[in-house]
Amino acid sequence: MRARIRAGDRSAFAELYEEHARTVYNHALRLTGDWSAAEEVMSETFLAAWRTRERLEPDGGSLRPWLLGIATHKVHNANRSRRRRLAFLAHRPPPPAVADFAEETAGRIDDARTLAAVQDALGRLRRQEREVLALCVWAGLDYQQTAQALGIPVGTVRSRLSRARAKLGRLTEENTEPRRDRGEVASEAVFAALPLQEETR
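Figured I'd write up the structure that's included with this text.

Reading the values: rules and limits
Residues numbered from 1 in each chain as written. Predicted model: local features only at pLDDT ≥ 70, side-chain atom pairs only at ≥ 80, totals over all residues. Heavy atoms only, no water. Helix = DSSP H or I, 4+ residues; strand = E, 2+ residues; numbered from the N terminus. Expected span 1.5 Å × (residues − 1). Buried < 20%, exposed > 50% of the residue type's maximum accessible area, 1.4 Å probe, protein only. Axes fitted to C-alpha atoms, helices over the stretch in contact; angles between N-to-C directions. Left-handed = near helix turned anticlockwise from the far one by under 90°. Contact = heavy atoms within 4.5 Å. Phe/Tyr/Trp six-rings, centres within 6.5 Å; stacked < 30°, edge-to-face > 60°. Bend = angle between axes of the 7 residues up to and from the residue. Polar contact = N/O pair within 3.5 Å; in protein donor to acceptor, adjacent residues only side chain to side chain. Parallel < 35°, antiparallel > 145°, perpendicular 65-115°, else oblique. Nonpolar A, V, L, I, M, F, W, Y, C, P; charged D, E, K, R; others polar. 1 Å grid on protein atoms, 1.4 Å probe; cavity = no way out; pocket = protein on both sides within 12 Å on 5 of 7 lines; lining within 4 Å. Points joined across faces, edges and corners; volume = space filled by probe spheres on them. Salt bridge = Lys/Arg side-chain N within 4 Å of Asp/Glu carboxyl O.

The end-to-end C-alpha distance of helix α3 (residues 35–51) is 25 Å, a good match for the 24 Å that 17 residues give at a rise of 1.5 Å each. Among the residues making up α3, those that are buried are Ala37, Ala38, Val41, Met42, Thr45, Phe46, Ala48, Ala49 and Trp50.

So, about the packing of helix α2 (residues 10–32) against α3. Two elements in contact, α2 and α3, have axes separated by 8 Å at closest approach and are oriented at 145°. Seen from above, α2 lies across α3 with right-handed handedness. Counting all contacts with α2, which are made through Arg10, Phe13, Leu16, Tyr17, His20, Ala21, Val24, Tyr25, Ala28, Leu29 and Thr32, the residues of α3 involved are Trp35, Ala37, Ala38, Glu39, Val41, Met42, Thr45, Phe46, Ala49 and Trp50.

Further remarks concern the packing of aromatic side chains. Using the criterion set out here, one finds three aromatic pairs in the structure. Arranged with centres 6.3 Å apart and planes meeting at 90°, the rings of Phe13 and Phe46 form a pair that is edge-to-face. Residue Phe13 is found in helix α2, and its partner Phe46 is found in helix α3; the two are separated by 33 residues along the sequence. Since its relative accessible area comes to 12%, Phe13 is described here as buried. By relative accessible area, Phe46 is classed as buried at 6%. With centroids separated by 5.1 Å and ring planes inclined at 75°, the aromatic side chains of Phe13 and Trp50 adopt a geometry described as edge-to-face. Here Phe13, found in helix α2, pairs with Trp50, found in helix α3; they are 37 residues apart in sequence, far enough to count as distant.

As a further point, take α2. When the local axis directions of α2 are compared, the greatest deviation, roughly 50°, occurs at His20. Looking one or two places after α2, you find Gly33, whose phi comes out positive at around 70°.

Turning to the side chain of Glu129, a few remarks are in order. Along the polypeptide, Glu129 turns up in helix α6 (residues 127–138). One polar contact links Glu129 to Lys167, side chain to side chain, over a distance of 3.0 Å.

So, on to the packing of α2 against α6. At a minimum axis separation of 10 Å, α2 and α6 run at an interaxial angle of 140°. Here α2 lies oblique to α6, going by the angle between them. As for how α2 packs across α6, the hand of that crossing is right-handed. Taken together, the residues of α6 that come into contact with α2 (itself represented by His27, Arg30 and Leu31) are Arg130, Glu131, Ala134, Leu135 and Trp138. Considering only residue class, the contact of α2 with α6 consists of four nonpolar, one polar and three charged.

Moving on to empty space enclosed by the protein. Overall, the coordinates contain one cavity of 30 Å³ or more when judged by the stated rule. By volume, the largest cavity is sized at about 50 Å³. The wall of the largest cavity is formed by Leu31, Thr72, Val75, His76, Asn79, Arg127, Arg130 and Glu131. Elements with a minimum of two residues in the lining of the largest cavity: α4 (64–90) and α6. In terms of residues, the lining of the largest cavity owes the most to one element, α4, which gives four residues. Residue classes in the lining of the largest cavity are distributed as two nonpolar, three polar and three charged.

Further remarks concern the pattern of salt bridges. Scanning the model with the defined rule gives five salt bridges in all. Where Arg4 meets Asp9, a salt bridge forms, and the shortest distance between an N and an O atom there is 3.3 Å. By relative accessible area, which is 26% here, Asp9 ends up partly exposed. As a salt-bridge pair, Glu131 and Arg127 come within 2.9 Å of each other at their nearest N and O atoms. On the criterion of helical spacing, the pair formed by Glu131 and Arg127 is a turn pair, its members being four residues apart in helix α6. Residue Arg127 is classed as partly exposed on the basis of its relative accessible area, which comes to 32%. Sharing partners across several salt bridges, the network here consists of Arg4, Asp9 and Glu15.

What follows is the structure, encoded as structure tokens:
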């Protein structure tokens, strides 16, 4: 597969897309918290992969770490651009209120709330810690693959993941409230320790 990709074999690249597009999309969704941004990141990831295919190492195993490494970089750029847009819009007068008559399904609302809770907890971590957590815990990469994806030593992966888990553990303790009537525990940080249900499209 690597040789075919490096040689510009379009059918091989189509196979690569079919195999990994959902993984790349879900990785981007977890780090951006935005469905449309995740779609854009996914598109840009495969476009960049095609353009830089000749730099792909000829030997190696799965191409998933390579793609997720590109996606992580694209997510960083997307989040930085979003912060710039929000800063710009903050200085503009708000648009007139428009009534929203769209009906959202209960499942969609629940997914949005869960994603918002995850983003809130992850937002308290450093970017490097969020990236390692997303790759190791959600994307299922091992330490070596995560190091390959991010271009950092394996020891750095281990230390960042350890710090991220410790911080999330502290957030869980801080944000846990007494049980409610239905026996629920209100702790947004708990969601961050669990994988999100993958978006089905």
